Amino acid sequence: MKFTILAAATMASVASAGHATYYEPNGHAGNCGWGIDTNSWAVALPSHAYRSDLCGKGINVRHNGKTLRGYIADSCPTCAPGDIDLARGLFTQFADTSVGVIDVDWWY
């Protein structure tokens, strides 16, 4: 018996480029309904892109060639389209908080 394994490439369902800022949720619940630790790798999507069915979904964030995978946990009402807000724990993997804003590509 012969088996053939086929691998299919998956494309990101959503991809965007913009800016990322950081926030400190301090355990408060985000729009997804659970507490978010400031040191987590939580991501808040711009309000127009946020949907509750995305809660907990992995999201790739790239800055200066470094890509890390966080998770969607909140919405960002002050973010412009294409911009995201990162919990401090994820933001500091890319830059010091004194930088404040970084250019990013993101997709999930």
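Quick look at the structure, then.

Rules behind the numbers
Residues numbered from 1 in each chain as written. Predicted model: local features only at pLDDT ≥ 70, side-chain atom pairs only at ≥ 80, totals over all residues. Heavy atoms only, no water. Buried < 20%, exposed > 50% of the residue type's maximum accessible area, 1.4 Å probe, protein only. Helix = DSSP H or I, 4+ residues; strand = E, 2+ residues; numbered from the N terminus. Pairing = 2+ DSSP bridges. Phe/Tyr/Trp six-rings, centres within 6.5 Å; stacked < 30°, edge-to-face > 60°.

With that out of the way, let us pick up the pairing of strand S5 (residues 84-87). In S5, alternate side chains face the same way, and those of Ile 84 and Leu 86 on one face and Asp 85 and Ala 87 on the other are all buried. Both strand S1 (residues 15-23) and S5 contribute to a ladder of 4 bridges, which runs parallel. Paired with Tyr 22 across the bridge in S5 is Leu 86. In the sheet, strand S2 (residues 42-46) pairs with S5 via 2 bridges, with the strands oriented antiparallel. Note that in S5 the partner of Ala 44 across the bridge is Asp 85.

Moving on: the packing of aromatic side chains. Throughout the structure, instances matching the rule amount to 2 aromatic pairs. Here Tyr 22 and Phe 91 contribute two aromatic rings whose centre-to-centre distance is 5.3 Å and whose plane-to-plane angle is 45°, an arrangement assigned as tilted. Of this pair, Tyr 22 sits in strand S1 while Phe 91 sits in helix H1 (residues 88-94), and the two are 69 residues apart along the sequence. The buried category is assigned to Phe 91, whose relative accessible area is 0%. When the ring of Trp 106 is compared with that of Tyr 108, the centres are 6.3 Å apart and the planes differ by 15°; the resulting orientation is stacked. For the pair shown, Trp 106 and Tyr 108 are each scored as buried.

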